[in-house]
Each structure stands twice: as C-alpha cells, then as structure tokens.
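# Commentary on secondary and tertiary structure
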Amino acid sequence: GQQLNQSPQSMFIQEGEDVSMNCTSSSIFNTWLWYKQDPGEGPVLLIALYKAGELTSNGRLTAQFGITRKDSFLNISASIPSDVGIYFCAGPPDNAGNMLTFGGGTRLMVKP
Amino acid sequence: DSGVTQTPKHLITATGQRVTLRCSPRSGDLSVYWYQQSLDQGLQFLIQYYNGEERAKGNILERFSAQQFPDLHSELNLSSLELGDSALYFCASSVTGGMNQPQHFGDGTRLSIL
C-alpha cells in the first residue's frame, strides 16, 4: 500500500526551541493533513493543506505543502510543554480515492 | 471536543468472542470512517461509509464488518476475536466524505483481548 515516511520518529527538545518535522511519499498527494494525538485521545486536526506550495499557519504551527506534492513540513515555533504528543501527517494519495494514509508519527517530548 | 462520540471507551473480552463498537458522527457529517491503531501498524484505514452506503474499503479483515444506520451512526462489528485484534479503534467523520475533506476523530475504543 501507500506509505508516508515521517521523520524524525521522535524528538526531545527544550521548552522554547523551534521544531521541524517532515513527511515524504513516493506518491503524489492532493491534500496534506497534520494531526496531533495526545495520550488516550483521538488525533486532532491541526492544519489542512490543499495546494502545492501552500504555506498555512495555525498559531505557533506552520505547515507547507511541498511543490512536488510528495512531501510536507510542519514547524512549531517556541515550543511549550503542552506541545508534547504524537504528530501525524496524513493524506489521500492521488489514486487511492477517499482513503487516508497516515505517517508513522513523530513523538515530541518537551523538557520544561 | 471533536463532536465525534465513540462508545464504549474500553472493552475487555476473550479470544473467539464478538464485540460491537459504536460511533456517532459530528452533527451534519454524512460520512464515517473506521481506523485501527496498533503499536506495530500505526493508524490503518478500515472502511468508510457515506449516508448509509459503503464507499471505500481498506485493510479490513473478513471477520470485521461495519454499517451506517439511517440516523448516520455507525457500528463496527469484530468477530472471532484474536489476540492480535487488541488495538485502539477510531471513528472519524467528515461532511460529505470527499477526498480532500479533513476527517475529525473520536477518542477511540480501546479493545483488549485476553
């Protein structure tokens, strides 16, 4: 099946630092979604991207839809302890109809 | 709060048994999706319904089935349970189920098979 490669798998950073993570695929995506999952809860949508090259912000979060349509990036600025969680990229590959494929997640840990 | 409600929150049962997981989508959403999240497989799409009809199928085992009712709630039935079925099962919903629509997730049902 389609695969999304997310990196890094985990990050342990100091509060206040900026964070970058990315997602790549061998397939073209028409939409990129970034979700965050807290322990014991379902994934929560952070940002949705719909056009190649699009750059969208949500507070301290900024995500970009790669020009090749095969990658996306998520940046978090000035991290805080509540940013802790697992961040997933997801999207429907071009030829997969409505199915969402998820990346393996980036586990973020923030040291106060 | 995503507006998607899943029950029960936890379920503990034995191998060979059958369980039903329930999902109520967000108000106004017509499409429901089911996902399985396990430690080794991550989030895997199982099946999608739109307005009562099956729309897309992913990696769903034959022992699993689902349906969406006229009031738009959905149920996922898991039968002949095996130890490997232990996982978190998430339901998500979107407005019309279109390819580019974000999906909103419930908090999941944690299924433990003993």
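In what follows, the accompanying structure is described. Keep in mind it's a predicted model, so treat the numbers as computed, not measured.

This part takes up the overall build of chain B. Assigned secondary structure in chain B consists of 0 helices and 11 strands. For chain B, the succession of helices and strands along the chain, N to C, is β-β-β-β-β-β-β-β-β-β-β. By the compact-globule yardstick of 13 Å for 114 residues, chain B fits well, its C-alpha radius of gyration being 13 Å. The C-alpha extent of chain B, read off along each of the three principal axes, is 35 × 30 × 25 Å. Of all 114 residues assigned to chain B, the portion counted as buried reaches 47%. Residue pairs at least 24 apart in sequence account for 55% of intrachain contacts in chain B once pairs closer than 6 positions are excluded. Taken as a whole, chain B presents about 5,400 Å² of accessible surface, with 47% of it coming from carbon and sulfur.

Residue and element names in this part refer to chain A. Ordered in space as S1-S3-S8-S7-S6, the 5 strands form an open sheet in which the pairing is antiparallel. Two strands in the sheet have a free side with no partner beyond their single neighbour: strand S1 (4-7) and strand S6 (55-58). Across the sheet, the mean angle separating the axes of adjacent strands is 15 degrees when strand polarity is ignored. Note: S6 against strand S7 (residues 61-65), 4 bridges, orientation antiparallel.

Here we come to the state of the cysteines. For the structure on display, the rule yields 2 disulfides over all chains. Put simply, Cys23 of chain A and Cys89 of chain A are joined by a disulfide, and their sulfur atoms are 1.7 Å apart. Across the disulfide from Cys23 of chain A to Cys89 of chain A, rotation about the S-S bond amounts to roughly 40 degrees, and the bridge is consequently right-handed. With Cys23 of chain A in strand S3 (residues 19-25) and Cys89 of chain A in strand S9 (residues 85-91), the pair connects residues that are 66 residues apart, well separated along the chain. When its relative accessible area of 0% is taken as the criterion, Cys23 of chain A is described as buried. Paired by a disulfide, Cys23 of chain B and Cys91 of chain B hold their sulfur atoms 1.8 Å apart. What sets the handedness of the Cys23 of chain B and Cys91 of chain B disulfide is the S-S torsion sign, and at about -55 degrees it is left-handed. Of the two residues, Cys23 of chain B is situated in strand S3 (residues 19-24) and Cys91 of chain B in strand S9 (residues 87-94); the sequence distance between them amounts to 68 residues. The two residues Cys23 of chain B and Cys91 of chain B agree in class, both being buried.

All right, on to the pattern of salt bridges then. Residue and element names in this part refer to chain A. Within the structure shown, the criterion is met by 5 salt bridges over all chains. Lys36 is the partner of Asp38 in a salt bridge, and the nearest nitrogen-oxygen pair spans 3.2 Å. Look at Asp38 and you get partly exposed, because its relative accessible area is 28%. Classification of Lys36 by relative accessible area gives buried; the value is 12%. Between Arg60 and Asp83 there is a salt bridge, with its nearest N and O atoms 2.8 Å apart. Taken together, the positions of Arg60 in the loop between S6 and S7 and Asp83 in the loop between strand S8 (71-76) and S9 put the pair 23 residues apart, joining distant regions of the chain.

What counts and how
Residues numbered from 1 in each chain as written. Chains lettered and ligands numbered in written order. Predicted model: local features only at pLDDT ≥ 70, side-chain atom pairs only at ≥ 80, totals over all residues. Heavy atoms only, no water. Helix = DSSP H or I, 4+ residues; strand = E, 2+ residues; numbered from the N terminus. Rg over C-alpha atoms; globule rule 2.2 N^0.38 Å. Buried < 20%, exposed > 50% of the residue type's maximum accessible area, 1.4 Å probe, protein only. Contact = heavy atoms within 4.5 Å. Areas by Shrake-Rupley, 256 points an atom, 1.4 Å probe, with all protein chains shown as cover. Pairing = 2+ DSSP bridges. Axes fitted to C-alpha atoms, helices over the stretch in contact; angles between N-to-C directions. Disulfide = S-S within 2.5 Å. Salt bridge = Lys/Arg side-chain N within 4 Å of Asp/Glu carboxyl O.

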